[in-house]
Structure formats: structure tokens, C-alpha cells
Amino acid sequence: MAKTDYYEVLGVSKTATADEIKKAYRKKAIQYHPDKNPGDKEAEEKFKEAAEAYGVLSDPDKRAKYDQFGFDGLNAGAGFGGGGFSGQGMNMDDIFSMFGDIFGGGGFGGGFGGGFSGRGRSAGERKFRGADVRIKVSLTLEEINSGVTKKFKVKKQVPCQHCNGTGAKDGSGMQTCPDCNGTGTVVRTQQSIFGMMQTQSACPRCGGEGKIIKDKCPHCSGDGVVYGEEIVEVKIPAGVAAGMQLSVEGKGNAGRHNGYPGSLLIVIDEQQHKDLIRDENDLIYNLLLSIPQATLGGTVEIPTLDGAVKVKIEAGTQPGKVLRLRGKGLPVLHSSRRGDLLVNISVYIPESLSRDEKSTIEKLSDADHFKPTQSAKEKIFRKFHGYGE
């Protein structure tokens, strides 16, 4: 089957910069990663194909040969086959070894629930990364307004105190795996219709770590981690919103055998406020005036997150009018700007009246100032048809 052009595989032009190629590969790798597409053979092939393309285009020498001679330039003694992506010898472990460079050395596997860190291929460098822990925190609008420091009791995997996280009984330590000689991988050669093929996979004896424990710790069964809890203090900035996720590195599950800990992921939830409604960084308050208040005007108190403020109501205020209190909303995350408080005015119409009250209203019904004027009708028309006041 003919190979697809490497630039087409990553979706970049032939003039793409190294950074553009790196970003394009990262996007493809995340999209087709096996952890996100379990059992999907087509996604696995696209994942390998993207890694193969990146292996060439990220190397200036290989890219130059590919640009000049195409695939022939790579196969005809160009040294590409020796790099682990020869097509016949390519395997998933080779691909994973690239992630330490692509994703900042933190381990691509950790983003999908734990695994090996991508810090190298040698036994001394290859360590497990603990899985992330996700918790939800419910905040009041007052806490979101000012920012808050919260303490959480997080239940998670912690290092075993009996073996100091090594997994070995009585500190006996770990020894080099005899099956893989400490590399963490085993190579198998088999005959196929295309000739002899080599496949490389994680060593089944040591699980890819390159070391084994002679005498396992009985308290953690040799994992070096046990189920426990930790008090974690987290500062939550002002202006967060429901659904946002904060990440605290190193506060997730402990990694096996003193590996790298995962992250603590904090999902923000909001408690409903008794008076105020949130609209992004603005706040809305529904003010209900009596007919005398709307007609005669006066001063009312409006609740804000920083305490009540007095607001003047002009005589003749109409229902539907919106007052804007600038800077009385919520802060914009990581900014000095703030939203506004919008006061939405409604007028209460009595649902029942006494005989005297009804008589008073009837006397006023014929008064000139209690009849809507033409200008008032036009203002309402413009407002409800989107023309403003």
C-alpha cells in the first residue's frame, strides 16, 4: 500500500516551521491515542502514522532528504530505519518514547489515568506516574468574588510508609530484570509475508520498569503505594466559574515505586445566591417596586457581594428599566477588571384590593397623568422591537 505524504498526515504545508509541525503532531497524537480509542485499529494506525511522520519532519537531516528524494531518500541508506520507525520495526513503545520531548517531559500516559513518565528509556529514568484525582468544590458567589483558600481531605494512593514507597520488603531494594536486562522492553522476531519482522513491547516480567523486586513488601504487595488520605490546601483565585477545572501538580495519586505523583484536578461548582443571578462576570438583581415607589421615586437598598448600596429611583420609573451599577459584578479571572450589577426593575400590581383602595384607583383612572401618553407608547414600541429607548 502506498504511503501517505508525511505533510498530509500531519496536515501542515511543506514550509511549516518546527513549532507548527510539533503542534500538529501533538493534536494528532491526542486525537488518535490508544487510551482514547481502545480497540480501534484504525485509530492505532493513524497514531503510528502520525508518529512516523513526526519522526521524519522533526529531524532537519531526515526532512531534507525526504523533501529532496521522498520515501526513497529515507529507505536508501538514509539512516531512518535505524531510528525505530522503519515501517517493519516500528512499535508502540518506540512511539511512546517520543512523548517526553513532545509533551514537556511530564509523561503523556499520565494525562489518560497514569502510566510511565516520558523521561527516558533507561531503567534508571523510567518511572511510573500516579493517576490524577478529580474532586468537586462548591463555592458561594462571595467566595468567587474575593477568592478563597480551601483545605481538602483527599482520599488517594500514598507512598507506603513500611517500605518508603519502594515496594521492597525490609528495604531489600530492586534488582535489574533478568528478562530485559533493565531496558524495560523485549524484542521478538517473527517471519511474515514481508520477511522477518521485529516487534518491541513492554517486558511482561517487570511491566516495562526494567527492575523487579525480590521480596515484596507485604503491606503494599510490592506496589509501593497504599490507599490513604492527605490534607491539601489550595488557593482558588477570584473570578472562577462553574465547570472550570484547576490543576494542582503533584497532589494526585502517588506513583508506584516512588514514581511521579499525578495531579489533583479541582472542578468548580457554584452555589445559588439568594438575591443575585450570575451572567458571566455580570450580576443581575430583580428589584420589585410598588406602584407608589415607581411613581413618586425614592431611595432603595440594593444587595451586592460587598454589602448593600443605596440607589435612587427616579419618579416615573417604568417596569423593564435596567439600572447598571458599574464594577459591582464579579472580577474577571486573572484580571483587574470587574463585571457590572444590573438592576432589573419590575412593578408590583396588587392582586386584590379593599373597597377604599379600589375606589381610590377608580378615581385616578380618569386623571390625565394616569393615562399613557403617545410618547410613552412609542418608547415601549421601540424597546420591544429592539430600537432602544
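So, a few notes on the structure that sits alongside this text. Given the structure is predicted, the values throughout are model-derived calculations rather than measurements.

### As for the sheet that holds strand E12 (residues 276-279)
As summarised here, the arrangement of the 4 strands in space is E12-E13-E17-E16, forming an open sheet in which the pairing is mixed. Both outer strands of the open sheet, E12 and strand E16 (322-325), are each paired with one neighbouring strand and no more. Within the sheet, the average angular offset between the axes of one strand and its neighbour, ignoring direction, is 30°. As paired elements, E16 and strand E17 (residues 341-347) share 4 bridges and run antiparallel to each other. Pairing of Leu-325 across the sheet is with Leu-341, part of E17.

### Some words on helix H3 (residues 41-57)
Spacing of three or four residues puts side chains on the same side of an α-helix, whose turn is 3.6 residues. For H3, spanning 17 residues, the distance from its first C-alpha to its last is 24 Å, which sits close to the expected 24 Å at 1.5 Å a residue. For H3, the full list of buried residues reads Ala-43, Phe-47, Lys-48, Ala-50, Ala-51, Glu-52, Ala-53, Tyr-54, Gly-55, Val-56 and Leu-57. Near the N-terminus of H3, the side chain that reaches the backbone nitrogen of Glu-42, with its oxygen 3.1 Å away, is that of Asp-40.

### A few points about the sheet that holds strand E11 (residues 264-270)
Two pairing modes exist for strands in a sheet, parallel and antiparallel, and in both the strands are linked by backbone hydrogen bonds. Overall, mixed pairing links the 3 strands, which are arranged E3-E11-E10 in an open sheet. Pairing within the sheet leaves two strands with one partner each, and these edge strands are strand E3 (133-139) and strand E10 (245-248). Within this sheet the neighbouring strands show an average axis-to-axis angle of 25°, counted without direction. Pairing analysis gives 4 bridges linking E10 to E11, with the strands arranged antiparallel. Bridge assignment links Gln-245 to a residue of E11, and that residue is Val-267.

### Focus on the pairing of E3
Of the two faces of E3, only the one carrying Val-133, Ile-135, Val-137 and Leu-139 is buried; Arg-134, Lys-136 and Ser-138 on the other face are not. Sheet topology places E3 next to E11; 7 bridges connect them, and they run parallel. The residue bridging Val-137 from the neighbouring strand is Ile-268, located in E11.

Each value, and the rule that gives it
- Residues numbered from 1 in each chain as written.
- Predicted model: local features only at pLDDT ≥ 70, side-chain atom pairs only at ≥ 80, totals over all residues.
- Heavy atoms only, no water.
- Pairing = 2+ DSSP bridges.
- Helix = DSSP H or I, 4+ residues; strand = E, 2+ residues; numbered from the N terminus.
- Axes fitted to C-alpha atoms, helices over the stretch in contact; angles between N-to-C directions.
- Expected span 1.5 Å × (residues − 1).
- Buried < 20%, exposed > 50% of the residue type's maximum accessible area, 1.4 Å probe, protein only.
- Polar contact = N/O pair within 3.5 Å; in protein donor to acceptor, adjacent residues only side chain to side chain.

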